[in-house]
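The lines below spell out each chain.
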Amino acid sequence: MAEAGAGQGAGDGAGATGSDGTGAGATGAGGAGAPAAFDWNTGITDEGVRTWVTAKGFKDPAALAQTALNQEKLLGVPADQIVRLPKDDKPESWAPVYEKMGRPKEAKDYGLPVPEGDKSGFHEVAANWFHEFGVSGKAARGVAEKWNAYVVDETRKAADVRAAAEVEAGKALKTDWGPKFDDNVKVVDAAAKTFGMTEDQLRALKEVMGPSGAMKFMHSIGSKLGVEGDFVTGDGKPGATSFSTPEAAKARIAALREDKSFVKRFATGDSEARAEMKKLHQLAYPGDTVL
């Protein structure tokens, strides 16, 4: 019994401490069987990303996430809102940047506002400019609205200036022409109608020569042509106008031939239209027989 107990004790001691008394027997056997540390990087399938993560030394996904959050806070915006500027000036290099900043795919997609009655097509030209220089849709429409308002305001101001200038010119002409003012104005109107001038054309002449200069110029022409008094109205009704020279009558004939309303009346046998043309021919071409 004693021997058996001694043997068992010896065996237990050997198993617990080992030959050098350090307990290497039990510890060594347990260390050899422990699992290796888990490498979480192996779960990243993209080799480039995996290499980057490994090089950065992130010990676990939490460390990587913390770094990403810190970088976003530093930049102030999410990564998908960051724009990388090209190093060259090539349009194709800047196209992605412009589109990310709100530029439409095509110039026609801007939808610029067009002033009522404007048929110039300038909005299409402006849209191409905006697209070329990467202007966003919102900015382009804002600029177009500002420009349209500016043009309307400037046009109104110019009209006010013209109206004021004509008023002053009228006062000056009244002083210059004295009691003949009304008769001279009638000669101006008659001369303009003799040459078939529209109100827009007469207004343009006033802008070039000045209201007073244009009035005196037209009066000079009317006087030389022998145009006097009132003029035949636009609807063909006879007035008090008379033509004292063949040149004035010929000019009136030429103007009436361009008047579609008069031509139609004359062609359908209107008595007043035919009488007026007959009278003009008699003065313009003395000696000719006019039916």
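These numbers come from a predicted model, not from an experiment. (Residues numbered from 1 in each chain as written. Predicted model: local features only at pLDDT ≥ 70, side-chain atom pairs only at ≥ 80, totals over all residues. Heavy atoms only, no water.)

Chemist: So what about the overall build of the protein? Which residues, and what values?
Modeler: Tallying secondary structure elements over the protein gives 13 helices and 2 strands in all. When the 291 residues of the protein are sorted by exposure, 24% land in the buried category. Within the protein, counting contacts between residues at least 6 apart in sequence, those at least 24 apart form 49% of the total. Of the roughly 20,200 Å² of accessible surface on the protein, a fraction of 58% belongs to carbon and sulfur atoms. (Helix = DSSP H or I, 4+ residues; strand = E, 2+ residues; numbered from the N terminus. Buried < 20%, exposed > 50% of the residue type's maximum accessible area, 1.4 Å probe, protein only. Contact = heavy atoms within 4.5 Å. Areas by Shrake-Rupley, 256 points an atom, 1.4 Å probe, with all protein chains shown as cover.)

Chemist: Explain the nonpolar core to me, using residue names and the numbers behind them.
Modeler: One finds Leu173, Trp177, Phe181, Val188, Ala191, Ala192, Leu202, Leu205, Ala214, Met215 and Met218 forming the largest nonpolar core, which totals 11 residues. At the level of elements, helix H7 (137–177), helix H8 (181–194), helix H9 (199–209) and helix H10 (211–225) are the ones that each hand at least two residues to this core. Here Leu173 is in contact with Gly178, Phe181, Ser212, Met215 and Lys216, once residues within four sequence places are set aside. (Core = buried A, V, L, I, M, F, W, Y, C linked by side-chain atoms within 4.5 Å.)

Chemist: Explain the side chain of Asn148 residue by residue, including any values.
Modeler: Here Asn148 shows up in helix H7. The residues contacting Asn148, other than those within four sequence positions of it, are Pro113 and Pro115.

Chemist: Can you lay out helix H6 (residues 122–132) for me, pointing to particular residues and giving the numbers?
Modeler: Within H6, burial applies to Ala126, Ala127, Phe130 and His131. One face of H6 carries all of its buried residues, which in axial projection span an arc of 135 degrees. Buried residues in H6 make contact with H7. Just downstream of H6 lies Gly134, where phi reads positive at about 75 degrees. (Arc of directions from axis to C-beta.)

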